[in-house]
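Each chain is listed here by its residues.
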Amino acid sequence: METQHVKIQLPARNTHSPFSQMRGAHVAVRVPDYEASKQWYMEKLDFRLIHEWPFGDLQLAYLAPANDDNFWVELLAGGQPETGASYIDLEESLHPAGYHHFCIDVPSVDDALRELAQRGVTLVGEAFDLPAIGKRLAFIADPWGNLIEFAEQLA
């Protein structure tokens, strides 16, 4: 039996909204080690360092994917961060409330995972197709347990 893949249809834009000029900008990730996390994102994911600055006892940085100037990850480090949850099982990660992951679109999830494996990045669960949204998905975690999703549009 062939699996039916859904192509999500977007509703009409609301150009009359007082918030019609809103655009996504970045997601912030709290990390315990500024230099190590900056290096991990740059070496493992080929993110580029956009800008870095201090804020009180914190050190912050904007990083962007290799070829995308519209989506940034902000690293927050320093101070006394509490230890967060670290997941090795995707199902387990879905239970707690709050922030879960950020997602990066890729042309091929399987190609991305092969490259990440060569770079020593551990997969959280296995890649899977989710026909309800027409995507192939996979999750990884940075060394501090922050989840990152990779998504491929299925034909």
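See the structure above.
Please read all numbers here as calculations on a predicted model, not as lab measurements.

## Details of the pairing of strand 2 (residues 48–55)
In the sheet, strand 2 pairs with strand 3 (residues 58–64) via seven bridges, with the strands oriented antiparallel. Each bridged residue has a counterpart across the sheet, and for L49 the counterpart in strand 3 is L63. The turn joining strand 2 and strand 3, which pair antiparallel and follow one another in sequence, is formed by two residues; a positive phi near 60° is taken by G56.

## Details of the packing of aromatic side chains
Per the stated rule, a full pass over the model turns up five aromatic pairs. Look at W40 and Y41: their rings are 4.9 Å apart centre to centre, the planes differ by 75°, and that puts the pair in the edge-to-face class. These aromatic residues form a ring-pair network of at least three members: W40, Y41 and F47.

## Examining the side chain of N146
Residue position: N146 is located in the loop between strand 7 (135–141) and strand 8 (147–153). Among the residues examined, N146 registers a relative accessible area of 15% and is labelled buried. At 2.9 Å, the side chain of N146 and the side chain of D142 are in polar contact. If we skip the residues at most four places from it in the chain, N146 touches V29, R30, V31, Y41, I140 and A141.

## Section: the sheet that holds strand 7
Taken together, four strands build an open sheet; the order of strands is 5-8-7-6 and the sheet is mixed. A strand with exactly one partner marks an edge of an open sheet, and here the two such strands are strand 5 (101–105) and strand 6 (123–130). Sheet twist, expressed as the average angle between the axes of neighbouring strands with direction ignored, equals 20°. Two strands pair when backbone bridges link them, and strand 5 and strand 8 are joined in this way by five bridges, in the parallel orientation. Paired with H101 across the strands is L147, a residue of strand 8. Strands strand 5, strand 7 and strand 8 of the sheet are contacted by helix 1 (residues 34–45), whose axis makes an angle of about 25° with strand 8.

The rules we used
Residues numbered from 1 in each chain as written. Predicted model: local features only at pLDDT ≥ 70, side-chain atom pairs only at ≥ 80, totals over all residues. Heavy atoms only, no water. Pairing = 2+ DSSP bridges. Helix = DSSP H or I, 4+ residues; strand = E, 2+ residues; numbered from the N terminus. Phe/Tyr/Trp six-rings, centres within 6.5 Å; stacked < 30°, edge-to-face > 60°. Buried < 20%, exposed > 50% of the residue type's maximum accessible area, 1.4 Å probe, protein only. Polar contact = N/O pair within 3.5 Å; in protein donor to acceptor, adjacent residues only side chain to side chain. Contact = heavy atoms within 4.5 Å. Axes fitted to C-alpha atoms, helices over the stretch in contact; angles between N-to-C directions.

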